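Residue-level structural notes
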Amino acid sequence: MASHGARGRGGGRPTLEEVAARAGVGRGTVSRVINGSPRVSDATRAAVEAAVAELGYVPNTAARALAANRTDAIALVVPEPETRFFAEPYFSDMLKGVGAELADTEMQLLLIFAGNDRERRRLAQYLAAHRVDGVLLVSVHADDPLPDLLAQLEIPAVISGPRSERETLPSVDSDNYGGGRSAVEHLITRGRAHIATITGPLDVYGAQRRIDGYRDALRDAGRAVDEALIARGDFTEEGGRRAMTELLARRPALDAVFAESDVMAAGARQVLREAGRRIPDDVALVGFDDSVIARHMDPPLTSVRQPIEEMGRAMIDLLLEEIADRRPADARGPERRQLVLPTELVERASS
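Residues numbered from 1 in each chain as written. Predicted model: local features only at pLDDT ≥ 70, side-chain atom pairs only at ≥ 80, totals over all residues. Heavy atoms only, no water.

The chain carries the name LacI family DNA-binding transcriptional regulator in an unreviewed UniProt entry, which gives Streptomyces gibsoniae as its organism.

The following block contains the structure:
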């Protein structure tokens, strides 16, 4: 056959990028064809298959006929306690998006918790045995050793939000900075003079970016940033209650709060009501996530919507690309692997 022994541009084996370029499609589309997804048109599938044949491309791990070393399993790893996973809509929405995208493949999804040292040791042993083809990591903290362990084991991985601006692993995130900024700009336009915020854990990069957006929105409006109006939370309802109590004690004249998650906003609302503060008459309240909590709160919560299900779908697409592309990580380059999806402020009665 003419394609037998074909070589890529550099003289080596043809790459996924070269197949995509030949077929006139993106890498993700090639990955879906290789992994047997039905979410590809017949014409596109034919173009990709023709490019594969012409170039002689042989995907090391994605081709079913050569996949003896495949487990056909992907792990969704949550380095948090199980109680938090089931209490916060963020995780269920992420799981929904991941599951929906993975349903188009033959891959199985494993849900693994690693919220304490014992679970982490057990996970490390499990991963070292290469029992999964790839890993999705959600809720990653800056000092979490799991991403580096996955890199050492050469297990394809994608994380939901980078650990820093220097992230080397593929990641999918929302525009946390823009979301935080839009929340505060909204409160400013509503005439609020003393705008407080309840942050997430600051060893999470996304939480850092939300507080960056808060600070910049105030400064660009000609306002000083009052550190006493900033209270640290942890994305939990109890954390929201504690932070709101601190804020009222430090700055009782506050008239707006940006809680950097809907769950913390729910905790803040309880404290405000116990203190006799009316929402939004006395204190405007804005959350982040636009979860089911926001829609069912009384009054309904203004919140920054992040497309969590879409993020889950995008993580799967990126991970399938990583699984199909077996080049060393340092040969792939970071430019295609850091996705940031837009956020949107959804206005409701709380502000």
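Further notes follow.
Observations regarding the overall build of the chain
Along its length, the chain carries 13 helices and twelve strands. Its C-alpha atoms give the chain principal-axis dimensions of roughly 80 × 45 × 35 Å. Evaluated residue by residue, the chain yields a buried proportion of 55% over its 351 residues. For the chain, the share of sequence-separated contacts (at least 6 apart) that also reach a separation of at least 24 residues comes to 71%. Total accessible area on the chain is roughly 15,300 Å²; 50% of this is exposed by carbon and sulfur atoms. Computing the positive centroid from 45 side-chain charges and the negative centroid from 54, the chain places the two 1 Å apart. (Helix = DSSP H or I, 4+ residues; strand = E, 2+ residues; numbered from the N terminus. Buried < 20%, exposed > 50% of the residue type's maximum accessible area, 1.4 Å probe, protein only. Contact = heavy atoms within 4.5 Å. Areas by Shrake-Rupley, 256 points an atom, 1.4 Å probe, with all protein chains shown as cover. Lys, Arg positive; Asp, Glu negative; His and termini not counted. Charge placed at Lys NZ, Arg CZ, Asp CG, Glu CD.)

Regarding the nonpolar core
In a soluble, globular protein the nonpolar side chains are often hidden away together inside. Counting residues in hydrophobic clusters, the biggest one holds 44 residues, and the most contacted among them are Y214, M244 and L254. Broken down by secondary-structure element, the contributors of at least two residues to this core are α8 (176-189), β6 (195-199), α9 (205-220), β7 (230-232), α10 (237-250), β8 (256-259), α11 (262-274) and β9 (284-289). Considering every element that reaches this core, the biggest residue donor is α11, with six residues. When neighbours within four sequence positions are excluded, L254 is seen to be in contact with H194, A196, L229, M244, L247, L248, R277, D282 and V283. One finds M107, V158, A314 and L341 within the second-largest nonpolar core, a separate group that totals 25 residues. (Core = buried A, V, L, I, M, F, W, Y, C linked by side-chain atoms within 4.5 Å.)

Notes on the pairing of β8
Burial along β8 is two-sided: A256 and F258 facing one way and V257 and A259 facing the other are all buried. Pairing of β6 with β8 involves four bridges; the strand directions are parallel. For A196, the partnering residue across the bridge sits in β8 and is V257. In the sheet, β8 pairs with β9 via three bridges, with the strands oriented parallel. Each residue of the ladder has a partner; that of V257, found in β9, is L285. On the question of chirality, the crossover connecting β8 to the parallel β9 by way of α11 is right-handed. (Pairing = 2+ DSSP bridges. Right-handed = clockwise from strand over helix to strand, strands pointing away.)

A look at the packing of aromatic side chains
All chains considered together, the criterion is met by six aromatic pairs. Centre to centre, the rings of F85 and F91 are 5.4 Å apart; their planes meet at 35°, and the pair counts as tilted. For F85, a relative accessible area of 5% gives the class buried. Ring geometry for F86 against F113: centres 6.0 Å apart, planes inclined by 50°, an arrangement best described as tilted. (Phe/Tyr/Trp six-rings, centres within 6.5 Å; stacked < 30°, edge-to-face > 60°.)

Digging into the sheet that holds β9
By definition, the strands of a sheet pair up through backbone hydrogen bonds, in either a parallel or an antiparallel sense. Strands sit in the order β7-β6-β8-β9-β10-β12 across an open sheet of six strands; the sheet is mixed. The two strands at the open ends of the sheet, each matched to only one other strand, are β7 and β12 (344-346). Averaged over all pairs of adjacent strands, the angle between their axes in this sheet comes to 20°, without regard to strand direction. Its contacts with the sheet place α8 against β6, β8, β9, β10 (302-305) and β12, and it is angled at close to 165° to β9. In the packing of α10 onto the sheet, contacts are made with β6, β7 and β8, and the angle to β7 comes to roughly 150°. (Axes fitted to C-alpha atoms, helices over the stretch in contact; angles between N-to-C directions.)

Brief notes about α9
Over its 16 residues, α9 extends 22 Å from the first C-alpha to the last, a length consistent with the 22 Å expected when each residue adds 1.5 Å. Taken residue by residue, α9 has Y205, G206, A207, R210, I211, G213, Y214, R215, A217 and L218 as its buried positions. Looking at the buried positions of α9, the neighbouring elements they touch are α8, β6, β7, β8 and β9. Positive phi appears at G222, one or two residues downstream of α9, with a value of about 80°. (Expected span 1.5 Å × (residues − 1).)

Comments concerning the pattern of salt bridges
Counted according to the given criterion, the structure contains 28 salt bridges. We note a salt bridge from D220 to R181, for which the minimum N-O separation is 2.3 Å. Here R181 lies in helix α8 and D220 lies in helix α9, a separation of 39 residues in the sequence. The class of D220 is exposed, set by a relative accessible area of 56%. Salt bridges sharing partners connect three or more residues here, namely D234, E237, E238, R241 and R242. (Salt bridge = Lys/Arg side-chain N within 4 Å of Asp/Glu carboxyl O.)

Observations concerning unusual backbone geometry
Of note, the amide linkage connecting I279 to P280 takes the cis form, showing an omega dihedral of 5°. Residue placement: P280 occurs in the loop between α11 and β9. Phi is positive for E154, close to 55°, though the residue is something other than glycine. Within the secondary structure layout, E154 lies in the loop between α7 (146-153) and β4 (157-159).

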